[in-house]
Amino acid sequence: MLARQAPTRKYLHVLGLTVLTFLSAAAPVLAQDSASSGGFNPQEFLRNALESIQNLGPTGAIAFILLYIVATVAFLPGSVLTLGAGVVFGVAFGSLYVFIGATIGATGAFLVGRYLARGFIAKKIEGNTKFAAIDEAVGREGLKIVLLTRLSPIFPFNLLNYAYGLTKVSLKDYVIGSIGMLPGTMMYVYIGSLAGDIATIGTGDQPSNPAVTWAIRIIGFIATVAVTLYVTRVAREALDKSVSSSPLTEETAPE
């Protein structure tokens, strides 16, 4: 048991150091932007960053992916970056770079939530068989649930990354489930490409395609209904199982 805990602690230290490095690198830029504007405006900061990336040439893709990773972990509005990717890189490459950055950033947030808070949550639900059963069920059906919630715009992306870290969803299922981000990513990048100007991203002046907008809404609605019904069914089955297996059964079982 001790042998397994040591690598986990070592990995946690490396993960924490990586996150701190990213945030430390971004801090001077954040401070400069905050000082010049009289207060930190996340959307304005990201638009300024996109304008700088636009002038970097071939290295702009790497800078964008790193920025998206930091924004995801730091709860900055990723929608500005997703729309801006369409302006800077076009639909095809913009969608690819957003998906890479979002997946890596979401995985980083997931790992932070799991290794910094999962133990605390586990202790809190240790004496509650109902919560424990639901957690176990979500872990078993994690891929389907992650996939459906990624398709739905109702669930906040940044918050959901940390929340999944508190469940028993496996890292493998979590990463594979990120494929559910692709339809929304491609459509939002396309909408961003219609703007043609980073300054209009995230503002009322940004053009849009009604057909694409309605497609996003329809897909999101279907995914929201599906995940709600599916999670409800999984939770009900988990509760029925926990009630049938405890507490009388546990009390009479030999030690």
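Residues numbered from 1 in each chain as written. Predicted model: local features only at pLDDT ≥ 70, side-chain atom pairs only at ≥ 80, totals over all residues. Heavy atoms only, no water.

What follows covers the environment of L83. Along the chain, L83 falls in helix 4 (residues 78-89). For L83, a relative accessible area of 11% translates into the label buried. (Helix = DSSP H or I, 4+ residues; strand = E, 2+ residues; numbered from the N terminus. Buried < 20%, exposed > 50% of the residue type's maximum accessible area, 1.4 Å probe, protein only.)

Let's shift gears to the pattern of salt bridges. Pairs may arise between side chains of opposite charge once their charged atoms sit close together. All chains considered together, the criterion is met by one salt bridge. With a shortest N-O distance of 3.1 Å, R47 and E44 are connected by a salt bridge. Linking R47 with E44, this pair stays in helix 2 (residues 42-54), spanning three residues, or about one helical turn. (Salt bridge = Lys/Arg side-chain N within 4 Å of Asp/Glu carboxyl O.)

This next bit is on a nonpolar patch on the surface. Together, I218, F221, I222, V225 and L229 give the surface a local cluster of nonpolar side chains, amounting to about 510 Å² of exposed area. Within the element layout of this structure, F221 appears in helix 11 (residues 210-245). The class of F221 is exposed, set by a relative accessible area of 57%. (Patch = residues over 30% accessible without salt bridge, like charges linked within 9 Å, V, L, I, M, F, W, Y side chains within 5 Å. Areas by Shrake-Rupley, 256 points an atom, 1.4 Å probe, with all protein chains shown as cover.)

We now examine the nonpolar core. If you look at the biggest cluster of nonpolar residues, it comprises 30 residues, and the most contacted ones within it are L46, L50, F64, L81 and F89. Elements with a contribution of two residues or more to this core: helix 2, helix 3 (60-73), helix 4, helix 5 (91-125) and helix 10 (182-195). Look past the residues within four positions of F89 in its chain and what remains in contact with it is I53, G60, A61, F64, G94 and Y97. (Core = buried A, V, L, I, M, F, W, Y, C linked by side-chain atoms within 4.5 Å. Contact = heavy atoms within 4.5 Å.)

The next point concerns the packing of helix 2 against helix 4. Where helix 2 contacts helix 4, the two axes come as close as 10 Å, and the packing angle between them is 25°. Taken as axis vectors, helix 2 and helix 4 run roughly parallel relative to one another. In this structure, the crossing between helix 2 and helix 4 has a hand that is right-handed. On helix 4, the residues that touch Q43, L46, R47, L50, I53 and Q54 of helix 2 are V80, L81, G84, V87, V88 and F89. (Axes fitted to C-alpha atoms, helices over the stretch in contact; angles between N-to-C directions. Parallel < 35°, antiparallel > 145°, perpendicular 65-115°, else oblique. Left-handed = near helix turned anticlockwise from the far one by under 90°.)

This part takes up the confidence of the model for the protein chain. Residues of the protein chain with pLDDT of at least 70 account for 62%, and the chain-wide mean is 75. The lowest-confidence element of the protein chain is helix 12 (residues 248-252), averaging 43 in pLDDT; the highest-confidence one is helix 3, averaging 94. Low confidence marks residues 1-6, where pLDDT is under 50. Its contacts with residues over four positions away, or in another chain, come to zero contacts. Taken as a whole, residues 12-17 scores under 50 in pLDDT and shows four contacts with residues more than four places along the chain or in a different chain. (pLDDT = per-residue confidence, 0-100.)

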